[in-house]
Structures are given as C-alpha cells and as structure tokens.
Amino acid sequence: MGEVSRRAFLVSGSAGAVAIAGVASGGLGTIGLASAEEGELTPDELEAVAAPMLLHVRDAAAGEIEILVEDQSVVVNDKTLVAKVLRAAK
Amino acid sequence: MSSHREAPAISKDPVADSADLYAFVSANDTVTIIANYVPAQFAAAGPNFYEFGDDVLYEIHVDNNGDGLPDVTYQFRFENQVTNPETFLYNTGPIDSLTSPNWNRRQLYSVTRVKSGTPTELGSSLPCPPCFVGRRSNPNYDDVAASAVRDLSGGGRVFAGQRADPFFVDLGSVFDLGTLRPFQDAHVIPLSGVSNEGRDSLRKSNVHTIAIQVPITALTSDGSRPTDPMAQNSVIGVWTAASRQKGSVLDGQGGCTAAGPFTQVSRLGNPLFNEVIVPMGDKDHWNAVAPDQDSGFAHYVAQPELAKLLPVLYPGVFPNLQGYTKDRADLLAILMTGIPAGVVPGFQNFTGGTQADYLRLNVAIPPSANENHLGLVAGDAAGFPNGRRLLDDVVTIELRAIAGLTIPLVDPSFTPDGATSAIEDGSFNPAERITLADFPYVGPPHSGYRVPGE
C-alpha cells in the first residue's frame, strides 16, 4: 500500500479513529487515537503498520471503507476519507 | 462428483475445493473424520505435484448442540518448504524418508483445536508425505507415508497428504442427461451399441486427504462417551470448510499479498448436496455460508429437481414418483435435521429443528463387523446417512432416496416404483478401492509412473 493511502485513513476523522483503535487492540500495537492526528507518522507508528493492508471502498456515497489488515477487517465510515482516497486514485 | 468442482467459483480454485467428507466411529472409542481436498488429481503431475494451499485455512467443524454452528473446530494450516530453488525438480533423487534431502518441495502443517472460541495447538511442523511420483522416486512409498501419521497433543492422530480418491461415481454417464448406464435402455434418448456396465470416472485419480482421529469424548456436548443410541447427546454434526483471506493483491513479481479475515469459499457436509440439490444460481452462495443458514436452501430439498427429471428421462419407469407432489419430508429429515426416533427401530440421528446440511453421526453405534455399502437403508446403522464410511455407495443411496425409496419412512401412503430399489450407477467396484485396515484408512495414492498405463 502506498504512503498516501496509508496516511489517508490514519489521519481520518473521529469515526475512522475509533475503528483504527479497535485494530490496535487486535495486535497493531501503537496505533491508537493519537494516530488520527494530522502529521507524519512516527517511526514507531510506521513499524506498527508494517503488515500488509488493503483498502476497499465498499460504498463511496456512504463513505464506507473496509480496511483489511493481517487477519482482521475494520470498517470505517468517513466520507472525507473516501473523498481523499478517490481523489488520490485519479 | 460428491463435491468435486460442484460450484462455479470453487471449480476454479482446486486447492480450496472440498471433494468428500467422511465421519465414522472407529476403534478404541474414537471418531475418524476425513476431509478430502484438491480433487480429480492426475497422478503424473510433474514437475509441480499437487499440494495443499498454504494460503488456505482448512477446517473440520463439529456441532454437538444442533444449532448449525461449530462447537469444536479443528484447523489445519500448511506451509511450503523448498530445499533448492535452483532446480526445476520436485525431487533430485529417491525420497526414502520424510527428511530426505532429495525431496525438494515439501509441506508442513499445524493443527489447532478451537472450542468455545479458545484455540489450542495440537501439533505443529507436522510433515505431509510426498506425492507418489513413481517407484524410482519413492522406493518405499507406503512406509514413508505411514511415518507421516502423527499423534496429537491431548490424544488422537492426524494425517495430511496425497491419497487415492476413495469416491466412486459414473460421472461421465450421470451428467450425460441423467444416464444410469445399467438402465440406459429405458432412457428417453436411446443409444445403440453401448455397454450397460457402469464406469468409475475417478478410477486411478488422487486427492489430498486431511484425516483426524480423536476420542469420542472430545466431540460430544458433555464430554461423555454415549452408549445409548437414542440419547440426544449421542449425535454430532460434522462438516468441513475452506477459507481464504478476504483480500489479495498480485504484486506483479510472482507474489501475492493477502490480508483480512478468512472468508469461507467451500464447504461440505452430506455428499452431493451442493452438487445435485442446490441449483446453479445458489451454489457459490451455499459454499460461503455456515449450515445454520441452510433453511434458506430447504426448498430445494423439499422439491428436488432430480426427482422431477427422473420420470421424464425414464418414461414410464417412475409413475408413482411422478405423481408425488408433496414436499419431501424424508429428504428434509435425512439431509437437514437427521432421522428422529421412531422412524428406524433402534436408531436416530436427529439434531433438532435447525435445518443444517452436515453429516450426522450417532457415536453410540459401534462400527459394523460386516459393512453393507448401502448403509442404513440396507440395515447397517453404522453407515450413511449415519455419518459416512469410505466405501458407502452414497451415489446409489441418494439416487434411490431421491427416486422415492425413503418416502414411506414418513408417508406410508406412498409405494415406491418397482425400479427404485434397483437404481445404481454401476461404478462400485470394491476390488478397485484399496482401503487400509488402520488410520488413515484411505488407500495410498496412484503413482505418476503407473497411471494411466496400469
């Protein structure tokens, strides 16, 4: 996954942040609410997201993205995030 | 075939394709469960011989409370090891042991038991035997394969590797507009100059077997070893499933990245369920869901398409079946809830009101001293549809049932047509089906050197 999209969901709004925090409890270590803040990832954060991730925009109109990471699925509802991802893909 | 390539999607994914499932009571108060994958193998498969998918989660599920959901699950995960990536050969000399340095591509696997959501590893780095290339490559194949039977932590044994496919069916005939070779003279489309002798389409083909033998007490709801066949806790439901991670991306360099939860792509309980009962448009869906969702497929069982076709394909042979329009309560019981007490004296394998397709095994019924390959309908309560043994002739049993032989069990007003008891596809040939006296019971694979010449 490219840096643009990886950062895109890490810097998402509150709904996305809650979902990503849920992943953290499943083994992604240091990713937490703080990761939702704007800015570059720290080396520790980069280390924590080293596992392959796949992003699936399931419903663009509803802002629904499914993040597949390790053996888990996290659904994020964030229209701003979806907009960033789709615009990055153009 | 039983479930070989039985649905459009899974027919394109052989390593995840569940082909057959067997479950039977075995010696020393154990149950043996055999799940076969990677069907229809041509033995001469060099240079890349068959193997399990290292990206597939294989599971054997057991429901012991009748809700159609797993209470005990055995998970199997495989990994590949390549000794020398600089050669194109599977083996660079004879493979005379599981540790032979001549064996260039091997598989190891782990077994995990999941109960009440808690996983327990029962074995790791367990070896699969090699595929049977030929006698030069495998000078002592049976000994090497036997050494791949391993004990499991906490009791039981396991084996995973290539075997001869024990299933038999005249596939080429039955899918040629429902032809049963022994009865083809009565078919609506006559052919002249053809033999009426059945042919086993899977003769000399191999498969990859996952076999596990565990104490009965590891599978029952209360951890007991039931002895009363009529007791509710004596019946378990068994099915197998294969899953892949939800997402995958090709990296353009010959590799693939997968991520996400494992998602079911194949399952199997009763033989032929998805094959001949579920219609084309629902087969992939059926493969993706658990048995607790099977009430959504019950209408296909209640009015099976094949029962309507038989009187058309064989005019005048099945008039009573043709006139029977009620829902098939017999098939709904046999395949989806189990046979309740009072239908077959001294027997039941009823799991309750939840409709679920899986093998129902009454573990209080001991193995038969003299197996009848027609199982329960022939008075052998240790055979299909009480679980399934390797040589149970499930094609004949199910064809006869669909043709109406079992309707009188629930509807005494019905008289089966005279031809029903004589239905067979004619492919059963015990001499061709080599089974072992002990675990893993499935016979050794056919060697690439000898097939198809032998």
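Residues numbered from 1 in each chain as written. Chains lettered and ligands numbered in written order. Predicted model: local features only at pLDDT ≥ 70, side-chain atom pairs only at ≥ 80, totals over all residues.

1. Things to note about the overall build of chain B
Secondary structure summary: chain B contains nine helices and twelve strands in total. Against the 2.2 N^0.38 benchmark of 22 Å for 454 residues, chain B shows a C-alpha radius of gyration of 22 Å, consistent with a compact globule. Oriented by its inertia axes, the alpha-carbon framework of chain B measures out at about 70 × 60 × 45 Å. When burial is assessed residue by residue, chain B has 48% of its 454 residues classed as buried. (Helix = DSSP H or I, 4+ residues; strand = E, 2+ residues; numbered from the N terminus. Rg over C-alpha atoms; globule rule 2.2 N^0.38 Å. Buried ≥ 20, exposed ≤ 12 C-beta atoms within 10 Å, placed from the backbone.)

2. Describing the overall build of chain A
Within chain A, the secondary structure is distributed over four helices and three strands. Expressed as a percentage of contacts within chain A between residues at least 6 apart in sequence, the contacts between residues at least 24 apart total 48%. (Contact = placed C-beta atoms within 7 Å.)

3. Side note on unusual backbone geometry
All names here are of chain B. Going from F384 to P385, the amide bond is cis rather than trans, its omega being 5°. Summarising the element assignment, P385 is placed in the loop between β12 (359–362) and α9 (394–402). The amide bond that connects F439 to the next residue, P440, takes the cis arrangement and shows omega of 10°. Here P440 shows up in the segment after α9. Unlike most non-glycine residues, D29 shows phi in positive territory, near 55°.

4. A few points about the sheet that holds strand β1 (residues 18–26) of chain B
Strand pairs in the sheet, formed through backbone hydrogen bonds, run parallel or antiparallel to each other. As summarised here, the arrangement of the five strands in space is β1-β2-β9-β8-β7 (chain B), forming an open sheet in which the pairing is antiparallel. Lying at the two open borders of the sheet, with one neighbouring strand each, are β1 and β7 (150–151) of chain B. (Pairing = 2+ DSSP bridges.)

5. Quick word on the pairing of strand β10 (residues 235–250) of chain B
Residue and element names in this part refer to chain B. As defined by bridge partners, strand β3 (residues 56–63) adjoins β10 across eight bridges and the pair is classed as antiparallel. Bridged to Y58 within β10 is A242. Note: β10 against strand β11 (residues 256–268), ten bridges, orientation antiparallel. Bridge pairing in β11 links T240 to L268. Counting the residues between successive antiparallel strands, the hairpin from β10 to β11 contains five residues, one of them, G252, with a positive phi of roughly 75°.

6. Focus on the sheet that holds strand β3 (residues 72–77) of chain A
Residues and elements named next belong to chain A. Here three strands make up an open sheet; going across it, the order is β1-β2-β3 and the pairing antiparallel. Edge positions in the open sheet fall to β1 (53–59) and β3, since each of these has one partner strand only. Ignoring strand direction, the axes of neighbouring strands in this sheet form an average angle of 25°. Pairing of strand β2 (residues 64–69) with β3, which is carried by six bridges, proceeds in the antiparallel orientation. Bridging across to β3, L68 finds its partner in S73. Along the sheet, helix α4 (residues 79–89) contacts β1, β2 and β3; its crossing angle with β1, the most-contacted strand, is approximately 110°. (Axes fitted to C-alpha atoms, helices over the stretch in contact; angles between N-to-C directions.)

7. Observations concerning the nonpolar core
Residues B:A23, B:V31 and B:V238 are the most contacted members of the largest nonpolar core, which totals 110 residues. Counting 13 residues, the second largest nonpolar core, distinct from the first, contains A:L68, A:V69, A:V74 and B:A259. (Core = buried A, V, L, I, M, F, W, Y, C linked by C-beta atoms within 7 Å.)

8. Quick look at the interface of chain A and chain B
Between chain A and chain B, the residue contacts involve ten residues of the former and nine residues of the latter. Counting only elements with at least two residues in the side of chain A that touches chain B, the list comes to β1, β2 and β3 of chain A. Considering only residue class, the side of chain A that touches chain B consists of five nonpolar, three polar and two charged. (Nonpolar A, V, L, I, M, F, W, Y, C, P; charged D, E, K, R; others polar.)

9. Considering the pairing of strand β4 (residues 72–82) of chain B
Residue and element names in this part refer to chain B. With five bridges joining them, β3 and β4 adopt antiparallel strand pairing. Opposite V62, over in β4, you have V72 as the bridge partner. Inspection of the sheet shows β4 paired to strand β5 (residues 105–115) by eleven bridges, in the antiparallel sense. For Q81, the partnering residue across the bridge sits in β5 and is R106.

10. With respect to the confidence of the model for chain A
The pLDDT averaged across chain A works out to 68; a share of 58% of its residues lies at or above 70. Predicted confidence is poor over residues 1–35 of chain A, with pLDDT under 50, and the contacts of this stretch with residues over four places away or in other chains come to 73 contacts. (pLDDT = per-residue confidence, 0-100.)

11. Focus: the environment of B:N91
Residues and elements named next belong to chain B. Within the secondary structure layout, N91 lies in the loop between β4 and β5. Since 23 C-beta atoms lie within 10 Å of it, N91 is described here as buried. Ignoring sequence-local partners within four residues, the contact set of N91 consists of N102, W103, N104, V133 and S137.

12. Focus: the environment of B:F24
Residue and element names in this part refer to chain B. In this structure, F24 sits in strand β1. Residues F24 and L359 lie 335 residues apart in sequence; the distance between their C-alpha atoms is 9.7 Å. Discounting chain neighbours no more than four positions away, the residues touching F24 are T32, P367, A382, G387, R388 and R389.

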